[in-house]
Structure formats: structure tokens, C-alpha cells
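Structural overview for review
Here is how the chains run, residue by residue.
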Amino acid sequence: MNGREAVLSKIRQSLGVTGNEESRRREVAERLANVPRGVIPARGQLPEPERIALFVQQADKALASVERVPSAVLVPEAIAMYLRSKNLPAELKHGEDLRLASLPWEKAPQLSISTGPTAGRDLVGLSHAEAGVAETGTVVMLSGPDNPSTLNFLPDYHIVVLSAGDIVGDYESAFDRVRARYGDGVLPRTVNFITGPSRSGDIEQKLLLGAHGPRSLHIVVVG
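This structure is a prediction, so every number in the text was calculated from the model and none was measured. (Residues numbered from 1 in each chain as written. Predicted model: local features only at pLDDT ≥ 70, side-chain atom pairs only at ≥ 80, totals over all residues. Heavy atoms only, no water.)

Quick look at the pairing of strand S7 (residues 157-163)
Definition in use: A 1.4 Å probe rolled over the protein chains alone gives each residue an accessible area, and that area as a share of the maximum for its type sets the label: buried under 20%, exposed over 50%, partly exposed in between. Helix and strand definitions follow DSSP, with helices as H or I runs of at least four residues and strands as E runs of at least two, each counted in order from the N terminus. At least two bridges found by DSSP between two strands are what make those strands a pair.
Across the seven residues of S7, six count as buried, placing the element largely inside the fold. Taken together, the five bridges between strand S4 (residues 124-128) and S7 define a ladder with parallel strand orientation. Bridge pairing in S7 places histidine 128 opposite valine 161.

Some remarks on the pattern of salt bridges
Oppositely charged side chains may form a pair once their charged atoms are brought near each other. This is how the line gets drawn: The working definition used for a salt bridge is a side-chain nitrogen of Lys or Arg within 4 Å of a carboxyl oxygen of Asp or Glu.
Scanning the entire structure with this criterion turns up eight salt bridges. The salt bridge involving aspartate 146 is made with arginine 181; its shortest N-O contact spans 3.9 Å. One end of the pair, aspartate 146, is in the loop between strand S6 (138-142) and helix H6 (150-153); the other, arginine 181, is in helix H7 (residues 171-182), and 35 residues separate them in sequence. For aspartate 146, a relative accessible area of 31% corresponds to the partly exposed category. Using a relative accessible area of 42% as the deciding quantity, one classes arginine 181 as partly exposed. The salt bridge involving arginine 179 is made with aspartate 176; its shortest N-O contact spans 3.3 Å. On the criterion of helical spacing, the pair formed by arginine 179 and aspartate 176 is a turn pair, its members being three residues apart in helix H7. In this structure, a network of salt bridges that share partners links the residues Arg37, Asp176 and Arg179.

Structural notes on the environment of glutamate 21
Note the threshold: Side-chain atoms alone can form a polar contact between residues adjacent in sequence; in general such a contact is a pair of N or O atoms within 3.5 Å, and within protein one must be able to donate a hydrogen while the other accepts it.
Within the secondary structure layout, glutamate 21 lies in the loop between helix H1 (3-15) and helix H2 (22-33). For glutamate 21, the side chain forms a polar contact with the main-chain nitrogen of glycine 19, separated by 3.0 Å.

Some remarks on the layout of surface pockets
Gaps between atoms show up when a probe of the same size as a water molecule is rolled over them. Put simply, the test is: Each cavity reported here is a set of points on a 1 Å grid over the protein atoms alone in which a 1.4 Å probe fits but cannot get out, each pocket an open set with protein on both sides within 12 Å along at least five of seven lines, and each lining residue one with an atom within 4 Å of a point. Grid points are joined across faces, edges and corners, and a volume is the space filled by probe spheres set on the points.
Roughly 320 Å³ of internal volume is contained in the largest pocket. Every residue lining the largest pocket is listed: Ala29, Arg31, Leu32, Ala33, Val35, Pro36, Arg179, Gly183, Asp184, Gly185, Val186 and Leu187. Ranked by the residues each element gives to the lining of the largest pocket, the list is headed by H2, at four residues.

Re the nonpolar core
As a reminder of what qualifies: Buried Ala, Val, Leu, Ile, Met, Phe, Trp, Tyr and Cys residues form a nonpolar core when they are joined through side-chain atoms within 4.5 Å. The contact definition used throughout considers only heavy atoms, calling two residues in contact when any of these lie within 4.5 Å.
Val75, Ile79, Leu83, Leu111, Leu126 and Ile159 are the most contacted members of the largest nonpolar core, which has 21 residues in total. Of the residues forming this core, the biggest block, six residues, is contributed by helix H4 (residues 75-85). Contacts of isoleucine 79, omitting those with residues within four sequence positions, involve Leu92, Trp105, Leu111, Leu126 and Ile159. Membership of the second largest hydrophobic core comes to 17 residues, among which are Ile52, Leu54, Phe55 and Ala59.

Rendered as C-alpha cells:
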């Protein structure tokens, strides 16, 4: 018996069940088949152009910077220009996401790019968002080799590529996209909803960026 099985076994003992009861299995199956939905604010329920504009507005309010490019082929140059504007080294790390790997990085030959998770020694991380949420300017990040969660939190500067067509109005719609991608009863280990750079006002109510993660979040909206 491994650790997980030992913990679950103790929980079953405390509940007086075995885990094989038909009624309990049926209840779980019904909940997975009919996922309850929370309250959906009206703010994000807009036609696509207005929804994208709201996302940009809300992300800006959350202290993220946003750049829009009409095509994915312009992303490498946009990233290189952003790094120059911040006086940062032309170096970044991203995961195994094929959408990032297929970008024409040769258009920005000055960039030095590495692949994989970070151990905290990379200044700039690059990820591709699964979705954006217009009502709050939030990017939805899925864990895994494609976009390691370490890149969301350890580098000082986090750049996120987001397709404009993936911007939804609300959180429930974002979860719908995740469920549709992975199938019934399957999810990535972690779904991170990120709104702006890391910040804290704990000390004397003074806002400090980068308190628990990146001090800067830059979103490149494509399309």
C-alpha cells in the first residue's frame, strides 16, 4: 500500500464505507456528468471584440501589461522588443508547448531560448495560456510539460502568449474549455488562474510587486 492508498483507506474507515457502494459511485458519476455551475457575472457576457477589449482593460487594471499582435508570426519580435524595453537579457525559457515551439523564432535571432521547467535561475519565463477570462483580465494556465507551473511563479518576468479566440467571458466557461480538452473525469494536476503580477500589501499597506512570484506579467494577445 502506498501513501495515497493509506490515506484513502483511513478516510473510508472513518466513514464506515468500502468505496464500492453502488449509491456512492452513482453519486460521483452524476456529479461528474452534471457539473454544478457557480454564479456567472454579466460583465463578461459580450460579443467577441468587446470581450477581448474588456480582457485588456481588466488585465491593465491588475497591473499586467498587454500587447496585441495580429498574427502569431509576430510574437518572437514582440517578445524581443519587450525584453529590450525592460533592459533585460535576450534570454527566456519555455516548456514543450508545440504552439510556442512552432513560432518563427528565427525572426528574433538575438533571443537565446531554452526549454523545460525552471529551477529558479531563469529571469524570464514564457508560457502559453489555455484561456483568458475577460471579467477579471485573468490568464488560465494548465500544468504539465507543455507549460510547467514553475515558469508561472519562479522567474521575475513572466510572458504569456494568449490567443484572442481563447478569451472567454467568465471562469465557468474557462473550466468548460479545460474539461472539453481533457475529457470526462480527467484534469491536469494544477489549473492556475493568474491575475496580474505577484503583489502584497501586508507590510504597512504598501504595495510590493514580486512578493510571492513574478514582479511583471506581460501578456501577448494574438489575433
